[in-house]
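Coordinate analysis (summary)
For reference, the chains in residue letters:
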Amino acid sequence: MRVLAGAALVAMAFSGTAASAQQNPQAEAQALELLKRGIAFRTVAGPGNQTPDYAAYLKQQLVAGGFDAADIRIEKVGDTAWMAVRYPGTDKAAKPIYISGHMDVVEARPEDWTRDPFTPIVENGYIFGRGATDMKYDLSTMVATLIQLKREGYKPARDILLLASGDEETSMKTTMQMAEQYHDAEMLLNIDGGGGGLDENGQPEIFGLQGAEKTYADYELTFTNPGGHSSAPGKSNAIYSLAHALAKVEAYQFPGEINDITRAGFVQGAKTADPAMAAAMRAFLANQQDPKALATLRSEPGLIGQTGTTCVATMVTAGHATNALPQRATANINCRIFPGTSVESVAGTLTKVVGDPDLKLKTLDSGTVASPASPLRPDLLKLVSDGIHARFPGVPIVPAMSAGASDSMWFRARGVPSYGVSPIFMKGSDSFAHGLNERTPLSEIAPSITYYKALLKGLTK
C-alpha cells in the first residue's frame, strides 16, 4: 500500500507540474533565461563584483515586462548594490508586502569545479552554476512571476516591493540600508528561506516555513602570561588555562527555550518522529527544562539548535615558539543565540561558566542584529499550505527557526514580521549551496511560479 500511495503521490505531483507548465509558459521560459543570464554575472564581493551590472540587467527585464522605470531603484554601496522594485497597488492606505532576496553569491574558484561556476550549464534536468540554488533560482522565478502578473493585468490592492540585497553572503550592509528605509510593511516574504525536502526516491518529506532565526555571535577568549623558556615551566600557562576554560564551555548546556515557531515545529514533529524522539518532543513542550527530554533532543544535530542557545569552540591560536612558554592563548567561541536572549547576556554567561579572573572575553563584531521570532499568521500559513498541498497533498508544513543569518533579521529587528517561503523541494544529495558544482533541478521552475502567483494574489487581493 505504501508503494502504491507513493506512486499516486508522484503521479499527482507530476500532473500538477505539467498543469502549471501549461499555465505560465512565457514566465517559465523567462525564468530559465533570467537564471542562465544571472549565473553568468560574477556577483562576488571584492574586485570585479558584478552585482550592480546584474541589478541593471534585472531592471532592464522588468521595464521590458511592463514596470515603470521610476518604480525601480538601484543604489550602489561600495562594490555592490541593492535594488527595490515597486509593483503599485490600488489602495495607498494598505501596508505593502515585501519580498526579500539577494543578488550576491559566495566565492567559487573555477579550478576547484568540474564546470566553470559562472557558466550556466543545463544537464540531465539540472542547471549548474554558482547561485543555481542560493539564490538566483528563486530570484529569477520571482522576477518572472512579477512580470507574468503584469502581463495578465493583475492589480494588487496593496503595493508589492521586491527588495534585493547585494551582500547577504558577507557584510549585509545593503540589507541594513534597505531595512532603514523600508520597514512599514504588513509582512516580508523571504524567498531565500524555507523550502521542502525530498527523500532520495523523490518523495516529499516536509516543508519548512521559516519564522525565526537565531542571532550569530563570536566571542574571543584570551589568556596571557609573561612567557619564558620552556625548560623552566611555572604554574601559570596560557594554553592550560585556555584548555580548562574550553572544557567548561564544552560541558555547559544553556537552558531550554521555546517560542511560537519552535513550539509549532515540535508539535508537528511529534506526529511523525520515532516513539522515543516523539516522547522527548512532547516532554519538552510540557517542560523546557526536562533533563531527559533535553538530552534526547540535543543528541540530534538537527534539533539541538531548536531547543535553546548553543555555543561551540571553532578556532584556537596559542603560543609563539616551540621552545617557549606561551605568552598568549586565544579561542573563538561561536554562538547561535535563541531569539529573546541578548548577545551581552551570553557573554556574561560564558564569563561565569569559565570562572577564571585571568580570562579576557571580547565580543567580536559579527555584523548581525538580534531579532524576535515572527508571530504565526493563520492567513499566511493557509496560503502557504494550500500552495504546497496543491503540488504535494498532505506533506507536513512545519514552522521552523533558522540557525541564522538571513536578510530577514534586519526587517524583523525593525518590526516587520518575516517568513521564509521558498517553494523549492530538493533531495539532500542535490544540496550544494555554497559548495562545489552547485545545482538545482529545473523541474522546480514551473511549480514555483504557480505557487508564487497564488501566494502574492492571496496576500494582495
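Residues numbered from 1 in each chain as written. Predicted model: local features only at pLDDT ≥ 70, side-chain atom pairs only at ≥ 80, totals over all residues. Heavy atoms only, no water.

**Some details on the overall build of the protein**
- Secondary structure summary: the protein contains 14 helices and 19 strands in total.
- Rg of the C-alpha trace for the protein: 24 Å, near the compact-globule value of 23 Å for 461 residues, within the 12% margin.
- Considered along the principal axes of its C-alpha atoms, the protein spans approximately 80 × 55 × 50 Å.
- When the 461 residues of the protein are sorted by exposure, 51% land in the buried category.
- Counting contacts in the protein only where the partners sit at least 6 residues apart, residues at least 24 apart contribute 79% of the total.
- Of the roughly 20,300 Å² of accessible surface on the protein, 55% is carried by carbon and sulfur atoms.
- The average position of the 42 basic charges and that of the 47 acidic charges among the side chains of the protein differ by 3 Å. (Helix = DSSP H or I, 4+ residues; strand = E, 2+ residues; numbered from the N terminus. Rg over C-alpha atoms; globule rule 2.2 N^0.38 Å. Buried < 20%, exposed > 50% of the residue type's maximum accessible area, 1.4 Å probe, protein only. Contact = heavy atoms within 4.5 Å. Areas by Shrake-Rupley, 256 points an atom, 1.4 Å probe, with all protein chains shown as cover. Lys, Arg positive; Asp, Glu negative; His and termini not counted. Charge placed at Lys NZ, Arg CZ, Asp CG, Glu CD.)

**Section: helix H4 (residues 136-151)**
- Taking 1.5 Å per residue as the helical rise, H4 with its 16 residues ought to reach 22 Å, and the 22 Å between its terminal C-alpha atoms agrees with that figure.
- For H4, the buried fraction is high: 14 of the 16 residues fall into the buried class.
- One or two positions beyond H4, positive phi appears at Gly153, with a value near 80°. (Expected span 1.5 Å × (residues − 1).)

**What to know about the packing of aromatic side chains**
- Taken as a whole and judged by the stated rule, the model has 12 aromatic pairs.
- In textbook terms, an aromatic cluster arises when at least three aromatic residues are bridged by ring pairs, as seen for Trp82, Tyr98, Tyr182 and Phe411.
- In this arrangement the basic side chain of Arg115 is found over the ring face of Phe128, its NZ or CZ atom lying 3.8 Å from the centre. (Phe/Tyr/Trp six-rings, centres within 6.5 Å; stacked < 30°, edge-to-face > 60°. Lys NZ or Arg CZ within 6 Å of the ring centre and 35° of its normal.)

**Things to note about the side chain of Thr307**
- With respect to the helices, strands and loops of the structure, Thr307 is situated in the loop between helix H10 (301-304) and strand E12 (310-318).
- Within the structure, the side chain of Thr307 is placed 2.8 Å from the side chain of Arg298, a separation counted as a polar contact.
- With sequence-adjacent residues up to four places away left out, Thr307 is seen in contact with Pro255, Gly256, Glu257, Phe266, Phe284, Leu294, Leu297, Arg298 and Phe338. (Polar contact = N/O pair within 3.5 Å; in protein donor to acceptor, adjacent residues only side chain to side chain.)

**Points about the sheet that holds strand E19 (residues 439-441)**
- The antiparallel open sheet is built from 3 strands, whose spatial order is E4-E5-E19. The open sheet has two edge strands with one neighbour each: strand E4 (121-123) and E19. When the angles between neighbouring strand axes are averaged without regard to direction, this sheet yields 25°.
- Across the sheet, helix H2 (residues 25-40) lies against E4 and strand E5 (126-128), angled at about 25° from E5, the strand it touches most. (Pairing = 2+ DSSP bridges. Axes fitted to C-alpha atoms, helices over the stretch in contact; angles between N-to-C directions.)

**So, the confidence of the model for the protein**
- Here the protein shows a mean pLDDT of 93. Residues at 70 or above account for 95%.
- Across residues 1-21 the pLDDT falls below 50, and counting only partners more than four positions away or on other chains, this stretch makes 20 contacts in the model. (pLDDT = per-residue confidence, 0-100.)

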